[in-house]
Amino acid sequence: MERKHLEIDLNALRHNYRVMADLAGPETKIISVVKADAYGHGLIPVSRTLVDCGAHALGIFRPNDAIAIRQAGLDVPIIALSGIFPWEAQAAAEHNLSVVIYTMDMAQSLSQANREMGKVGDVLIKVDTGMGRLGVFPRDLPAFLDALAPLKGIRVTGIASHLAASELPEDPHTAGQVEAFAQSSLSMIHDNLGNSGAILEGLAKGYPMARPGIALYGSAPDPNMKGAALLKPVMAFKTRIIFVKDLPAGSPVSYGMTYVTPGPSRIATIPVGYADGYFRRLSNKGVAIVHGKRVPVVGTVCMNLTMLDVTGLEGVESGDEVVLLGNQGDQRVTGDELAASAGTISYELYCSLGRANPRHYME
Ligand SMILES: *Cc1c(COP(=O)(O)O)cnc(C)c1O
């Protein structure tokens, strides 16, 4: 038995895929975003499940992920969402990776690598409509297309852009981006704008593809967004109590004495800390579930240990299950709640826990 583990609910993943596919509409194909080890949920098991659900393509960040997906025997279209370095072009060509490009260096390296293999690779062009991160500006798109035209070995299949604030659909900046994208659109098979937020807010409609990420894993970019309640959490994080003790009033708990017991207290220690992806910012802020009741994190989260106040819970002893994320009985700690307590977003929480813990897949 492990001291701590993640449970990944593949049925919830399937459910979320169907929700997003329905919201995107029948004309819009789904690029399932599986970058960052599928947001900490495990690249290969998640990719396999999504392909099984009918995902039309997988969205990745590093070409190495495409290699892993191909080695797992999946021959679904894969799109590198954020470009490549020239030295990665050969792997891209070899593994039939479609690449979102925005520099001539990327185009030329892909052209050469594909020609050497007697192939033609798909490229999409990233247009910066206001994210300020990657891409060619809309005004430079015609010249970029002209420069690409003579290159053999690559075929332009569409444009892509990214919204800076899909959770603010009414914001003029979002409206401006949606408008700039519409004007830049090449009306090609791979044109795509929408991330999870855009799909939830109906901004991705009318384009042939959309790119949900976080929603597949059960969270919305903003928990108050339309449609957020339709999603089911996929990741749970569980451990067991390693020690229980009773402390009198006035006893400090953990580094820095940031918590002092207000009265006689029963304190449970769990073998999870910031090295396990459980943010130190959760010191005196996190919540866990023990014996079906929510209990607070007290004191500073240590590298591999954290304390919980279980005062008043009958019969708590070492070995008892603790749910740090997910549900037990009728209580639940969501990724959104825990992330907010740590001053971050669910995306970072899932990546952080996913990097540091073994995963069990549940059907
Ligand atoms: C991560 C990412 C997405 C997915 O965004 P979510 O908010 O997780 O839905 C879509 N497109 C690009 C380019 C990305 O980098």
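Residues numbered from 1 in each chain as written. Predicted model: local features only at pLDDT ≥ 70, side-chain atom pairs only at ≥ 80, totals over all residues. Heavy atoms only, no water.

**Examining the site of the ligand**
Applicable threshold: Definition of nearness: a residue and a molecule or strand are near each other if at least one heavy atom of the residue lies within 4 Å of the molecule or strand. Any N or O atom pair separated by 3.5 Å or less is treated as a polar contact, with the protein-specific requirement of one donor-capable and one acceptor-capable atom, and with residues adjacent in sequence counted only for side-chain atom pairs. Using a 1.4 Å probe, the Shrake-Rupley method yields the accessible areas, and only the shown protein chains count as cover for residues. Under the scheme applied, nonpolar residues are Ala, Val, Leu, Ile, Met, Phe, Trp, Tyr, Cys and Pro; charged residues are Asp, Glu, Lys and Arg; polar residues are all the others, including Gly.
Around the ligand, a shell composed of 14 residues is seen, among which Lys-35, Tyr-39, Ser-196, Arg-211 and Tyr-347 lie nearest. The contact in question runs from an oxygen atom of the ligand to an N or O atom on the side chain of Lys-35, over 2.6 Å. Gly-213 places a main-chain nitrogen or oxygen 2.9 Å from an oxygen atom of the ligand. Protein contact buries 93% of the 390 Å² of open area that the ligand shows by itself. Residues belonging to the shell around the ligand are distributed by class as follows: 6 nonpolar, 4 polar and 4 charged.

**Brief notes about the pattern of salt bridges**
Rules: By definition here, a salt bridge exists when the distance from a side-chain nitrogen of Lys or Arg to a carboxyl oxygen of Asp or Glu is within 4 Å. Every helix listed is a DSSP run of H or I at least four residues long, and every strand listed is a run of E at least two residues long, numbered separately from the N terminus. For every residue, the accessible area obtained with a 1.4 Å probe (protein chains only) is divided by the maximum for its type, and the residue is called buried under 20%, exposed over 50%, and partly exposed between those limits.
Throughout the structure, instances matching the rule amount to 9 salt bridges. Two residues, Glu-201 and Lys-226, come together in a salt bridge whose shortest N-O distance is 3.7 Å. Of this pair, Glu-201 sits in the loop between helix 9 (196-200) and strand 8 (209-210) while Lys-226 sits in the loop between strand 8 and strand 9 (235-240), and the two are 25 residues apart along the sequence. On the basis of relative accessible area, Glu-201 is assigned to the buried category, the value being 16%. The exposure class of Lys-226 is exposed, given its relative accessible area of 54%.

**Digging into the packing of helix 3 (residues 43-52) against helix 4 (residues 63-71)**
For clarity, the cut-off: Here, axes are lines fitted to C-alpha atoms. For helices the fit covers the stretch in contact, and angles between N-to-C directions go from 0 to 180 degrees. If you view the pair so one helix is near and one far, a crossing is left-handed when the near helix is turned anticlockwise from the far one by less than a right angle, and right-handed when it is turned clockwise. Only heavy atoms enter the contact rule, under which two residues are in contact if any of them lie within 4.5 Å.
Following both chains from N to C, one finds helix 3 and helix 4 inclined at 65°, their axes separated by 10 Å at the closest point. Between helix 3 and helix 4 the crossing geometry is right-handed. Within the contact between the two elements, helix 3 uses Leu-43, Ile-44 and Ser-47 and helix 4 uses Asp-65, Ala-68 and Ile-69. Residue classes in the contact of helix 3 with helix 4 are distributed as 4 nonpolar, 1 polar and 1 charged.

**Quick notes on the sheet that holds strand 3 (residues 57-60)**
As a reminder of what qualifies: In this scheme, strands are said to pair when DSSP sees at least two bridges between them.
Taking strand neighbours across the sheet as the criterion, the 7 strands line up as 7-6-5-4-3-2-8 in an open arrangement whose pairing is parallel. Looking along the sheet, the strands with just one partner apiece sit at the ends: strand 7 (154-160) and strand 8. Where strand 6 (residues 121-126) and strand 7 come together, 6 bridges link them in parallel fashion. Of the residues in strand 7, the one forming a bridge with Ile-125 is Ile-159.

**A word on a nonpolar patch on the surface**
Quick reminder of the rule: Here, patches come from residues exposed beyond 30% relative accessible area and free of salt bridges, joined within 9 Å for like charges and within 5 Å for nonpolar side chains (Val, Leu, Ile, Met, Phe, Trp, Tyr).
Residues Ile-242, Phe-243 and Leu-305 make up a contiguous nonpolar surface patch of about 260 Å² in total accessible area. Among the structural elements, Phe-243 can be located in strand 10 (residues 243-247).

**So, the packing of helix 1 (residues 10-24) against helix 3**
To describe two helices that pack against each other, one gives the angle between their axes and the distance between the axes. To keep it simple, the criterion reads: Each angle gets one of four labels, with under 35 degrees taken as roughly parallel, over 145 as roughly antiparallel, 65 to 115 as roughly perpendicular, and the rest as oblique.
Where helix 1 meets helix 3, the closest approach of the two axes is 10 Å, and the angle between their N-to-C directions is 45°. Comparing their axes, helix 3 and helix 1 come out oblique. The element helix 1 and its partner helix 3 pack so that their crossing is right-handed. Contact residues: helix 1 offers Leu-10, Leu-13, Arg-14 and Tyr-17, while helix 3 offers Pro-45, Val-46, Thr-49, Leu-50 and Asp-52.

**As for the domain arrangement of the chain**
The criterion, for reference: The source of the domain bounds is an automatic or database domain assignment. Two parts placed together each lose some accessible area under a 1.4 Å probe, and the buried area is that loss summed for both.
Split into domains, the chain comes out as domain 1 (10-219) and domain 2 (235-362). The straight-line distance from the C-alpha centre of domain 1 to that of domain 2 is 37 Å. Around 970 Å² of area is buried between domain 1 and domain 2 when both sides are counted, 58% of it from carbon and sulfur atoms. Between the two partners, domain 1 and domain 2, sit 1 salt bridge. Among the ionic pairs, Asp-37 bridges to Arg-359, the shortest N-O distance being 3.1 Å. Elements supplying a minimum of two residues to the side of domain 1 that touches domain 2: helix 1 and helix 2 (35-39). For the side of domain 1 that touches domain 2, the element with the most residues is helix 2, which contributes 3 residues. Counted by class, the side of domain 1 that touches domain 2 contains 6 nonpolar, 5 polar and 1 charged residues.

**A few points about the side chain of Asn-195**
With respect to the element layout, Asn-195 can be found in the loop between helix 8 (172-184) and helix 9. Among the polar contacts listed, one links the side chain of Asn-195 to the backbone nitrogen of Ala-198, at a separation of 3.1 Å. Ignoring any residue separated from it by four or fewer positions in sequence, one finds Asn-195 in contact with His-162, Leu-163, Ser-166, Arg-211 and Pro-212.

**Focus: the packing of aromatic side chains**
The test is simple: Between the rings of Phe, Tyr and Trp (Trp by its six-membered ring), a pair exists once the centres lie within 6.5 Å; its type follows the angle of the planes, with under 30 degrees stacked, over 60 edge-to-face, and the other angles tilted.
Using the criterion set out here, one finds 4 aromatic pairs in the structure. With a centroid separation of 4.8 Å and an interplanar angle of 80°, the aromatic rings of Phe-181 and Tyr-207 are classed as edge-to-face. Taken together, the residues Phe-181 in helix 8 and Tyr-207 in the loop between helix 9 and strand 8 connect sequence positions 26 residues apart. Comparing Phe-181 with Tyr-207 shows no difference in burial state: the two are buried. Every member of this aromatic cluster is reached through a ring pair, and the members are Tyr-39, Tyr-217 and Tyr-347.

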